[in-house]
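Each chain is listed here by its residues.
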Amino acid sequence: MGHRLADASTPARLAAPDEGIGRDELALATRNHGLPLEALRYDVTPPGLHYLLTHYDIPYVPDGTPWPLTVGGRVRRALQLDLAELRARPQVTTRVTMECAGNGRALLAPRPVSQPWLVEAVGTAEWTGVPLRLLLAEAGVQPEAVDVVFTGADHGVERGVEQDYQRSLPVEVAMGTEPEVLVAYAMNGAPLLPQHGHPLRLIVPGWYGMAQVKWLREITVTDAPFTGFQQAVAYRLRQDSADEGRPVTRIEPRALLIPPGFPDFMSRSRVLRPGPVTLEGRAWSGRAPLARAEVSTDAGRTWHEAELEPDGGRRWAWRRWHLEWTATPGEHVLSARATDAEGHTQPLEQHWNRGGFTNNLVQRVPVLCLEPGDTD
Ligand SMILES: Nc1nc2c(c(=O)[nH]1)N[C@H]1C(S)=C(S)[C@@H](COP(=O)(O)O)O[C@H]1N2
Ligand SMILES: [Mo]
């Protein structure tokens, strides 16, 4: 662990000004797919349409494989629990919108070379599992506890550092109820799919995806801040690689439009017929409850308040919004923007950082509205 294959952990590369997406980025993009934006229509994303992000390989865990989860480190009594023992404990189901911290990366200039997301690294699922705080209480967290480290069964090498995928949470977040962190064994009422962490994963509602460790096999309470690669090197907001940066934590507000009309195959730009159109989409924020969703049909010059559907008591799930519009012949750029109750909103100009994280720049959807009677 922490063994270096290269002499140093090299920062991720920045693409040259007009460098296109390379083979390395394409290979990542075919493994890690996004949500087709038309699937924003579903309250709960159907399995297979939820986005995916896996740094290394998906572990092969056939049904019936023993999966002892350990809870150890700075605790009074270490636990080892199998799946049946976890399922026998109190269970909670929460609807959660999860988003990758790298969402929006490929839209940045210069582009940090990594998984090249546009805006589609999001999905919503109903996760069922045991509240983590109950397991930690059962193990008895020692007073000197600082962090709780979560280790996945996947293993790889990243920028020269060989590692198991590991992330930590501050002990007060791990023990908290807002959000309530889950050790989940079911997604949408069924056992987890292999690519989503079968048989166990962490769910941290409102936090970016990197915190939600898949193929979870070990929980370790530490008395010093965790300094593993995914905590101290990756997933920090830095302006340059020398900058210590700030950790990436909760999801920034974002609204996405379901692209209206029909797409052009290659460019995916949209074609519409003139007349009334319902512009609709989803909005969410992990930082504070959502306050509003707005829509622009003139590339962000003017904004109109959309009707935001009530959250139905589901704080951690996206909300539907809609606005009626009359499409007129010509070209338009449609955008949506979310604002939360603490006033966090989406920028019209990029907020760049070295890793390409938390880029919630407003979405732009170019549409061509045809003349009446035209066919494309
Ligand atoms: N063990 C492990 N857990 C992981 C990852 C990983 O590579 N390995 N990727 C993380 C990242 S960066 C994201 S965005 C989410 C994606 O979860 P999903 O693939 O179920 O959508 O899982 C997180 N948990
Ligand atoms: Mo991610």
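Residues numbered from 1 in each chain as written. Chains lettered and ligands numbered in written order. Predicted model: local features only at pLDDT ≥ 70, side-chain atom pairs only at ≥ 80, totals over all residues. Heavy atoms only, no water.

Q: Just to check I follow, could you spell out the overall build of the protein chain for this structure?
A: For the protein chain, the count of helices and strands is five helices and 22 strands. Its C-alpha atoms put the protein chain at 75 × 50 × 40 Å along the principal axes. The 376 residues of the protein chain split such that 54% are buried. Relative to all contacts within the protein chain whose residues are 6 or more apart in sequence, the contacts with residues 24 or more apart total 74%. Accessible surface, the protein chain: about 16800 Å² in total, of which carbon and sulfur atoms supply 53%. One finds the centroid of the 38 positive side-chain charges in the protein chain at a distance of 2 Å from the centroid of its 46 negative side-chain charges. (Helix = DSSP H or I, 4+ residues; strand = E, 2+ residues; numbered from the N terminus. Buried < 20%, exposed > 50% of the residue type's maximum accessible area, 1.4 Å probe, protein only. Contact = heavy atoms within 4.5 Å. Areas by Shrake-Rupley, 256 points an atom, 1.4 Å probe, with all protein chains shown as cover. Lys, Arg positive; Asp, Glu negative; His and termini not counted. Charge placed at Lys NZ, Arg CZ, Asp CG, Glu CD.)

Q: Is there a simple way to think about the sheet that holds strand S17 (residues 290-296) in this case?
A: The pairing of strands in a sheet happens through backbone hydrogen bonds and is either parallel or antiparallel. Taken in spatial order, the six strands of this open sheet run S14-S15-S22-S21-S17-S18, and their pairing is mixed. Each of the sheet's edge strands pairs with one partner strand only, and the pair in question is strand S14 (262-263) and strand S18 (304-305). Pairing of S17 with strand S21 (residues 330-340) involves six bridges; the strand directions are antiparallel. Pairing of Glu-294 across the sheet is with Arg-337, part of S21. (Pairing = 2+ DSSP bridges.)

Q: How should the site of ligand 1 be read in this particular structure?
A: Among the 19 residues in the neighbourhood of ligand 1, the closest are listed as His-55, Asp-154, His-196, Arg-201 and Lys-214. Residue Asp-154 places a side-chain N or O atom 2.6 Å away from a nitrogen atom belonging to ligand 1. At 2.6 Å, a side-chain N or O of His-196 approaches an oxygen atom of ligand 1. Its free accessible area being 530 Å², ligand 1 has 100% of it covered by the protein chains. In this structure the site holding ligand 1 corresponds to the largest cavity. Residues that form the shell around ligand 1 fall into these classes: ten nonpolar, six polar and three charged. (Near = heavy atom within 4 Å. Polar contact = N/O pair within 3.5 Å; in protein donor to acceptor, adjacent residues only side chain to side chain. 1 Å grid on protein atoms, 1.4 Å probe; cavity = no way out; pocket = protein on both sides within 12 Å on 5 of 7 lines; lining within 4 Å. Sits in = over half its atoms within 2 Å of the grid points. Nonpolar A, V, L, I, M, F, W, Y, C, P; charged D, E, K, R; others polar.)

Q: Can you help me understand the side chain of Gln-363 in this one?
A: The topology assignment puts Gln-363 in the loop between S21 and strand S22 (365-369). Judged by relative accessible area, Gln-363 falls into the buried class, the value being 5%. Reaching out from Gln-363, the side chain makes a polar contact with the backbone nitrogen of Leu-257 at a distance of 2.7 Å.

Q: Just checking my understanding: could you explain the UniProt feature "domain: Oxidoreductase molybdopterin-binding" (unreviewed entry) in the protein chain for this structure?
A: Summarizing the sequence annotation, UniProt attributes the feature "domain: Oxidoreductase molybdopterin-binding" (unreviewed entry) to residues 57-229 in the numbering used throughout. The span residues 57-229 is 10% helix and 38% strand, and its two end C-alpha atoms sit 17 Å from each other. (UniProt positions renumbered as here; feature names shortened; annotations may be inferred.)

Q: Whenever I open this one, the layout of surface pockets confuses me. Can you help?
A: By rolling a water-sized probe across the atoms, one finds the places where empty space is left. Its boundaries defined by the atoms lining it, the largest pocket holds a volume of some 920 Å³. Its residues assigned to classes, the lining of the largest pocket comprises 17 nonpolar, seven polar and five charged. Two domains each donate at least three residues to the lining of the largest pocket, and these are domain 1 (23-247) and domain 2 (254-369). Taken as a whole, the second largest pocket spans an internal volume of roughly 680 Å³. (Points joined across faces, edges and corners; volume = space filled by probe spheres on them. Domains from an automatic or database assignment.)

Q: Would you take a moment to explain the packing of aromatic side chains for this structure?
A: The description of an aromatic ring pair rests on the distance of the ring centres and on the angle between the ring planes. Enumeration over the complete set of coordinates arrives at three aromatic pairs. Aromatic side chains Tyr-235 and Phe-357 sit 5.1 Å apart centroid to centroid with 35 degrees between the ring planes, which places their arrangement in the tilted category. You can see Tyr-235 sitting in the loop between helix H5 (229-233) and strand S11 (236-237) and its partner Phe-357 sitting in the loop between S21 and S22, a full 122 residues away along the chain. Pairing Trp-284 with Trp-318 gives two aromatic rings, centres 6.0 Å apart and planes at 50 degrees, and the pair type is tilted. Pair noted here: Trp-284 is in strand S16 (residues 275-284) and Trp-318 is in the loop between strand S19 (307-308) and strand S20 (319-327), with a separation of 34 residues, a long-range link. In this arrangement the basic side chain of Arg-337 is found over the ring face of Trp-303, its NZ or CZ atom lying 4.1 Å from the centre. (Phe/Tyr/Trp six-rings, centres within 6.5 Å; stacked < 30°, edge-to-face > 60°. Lys NZ or Arg CZ within 6 Å of the ring centre and 35° of its normal.)

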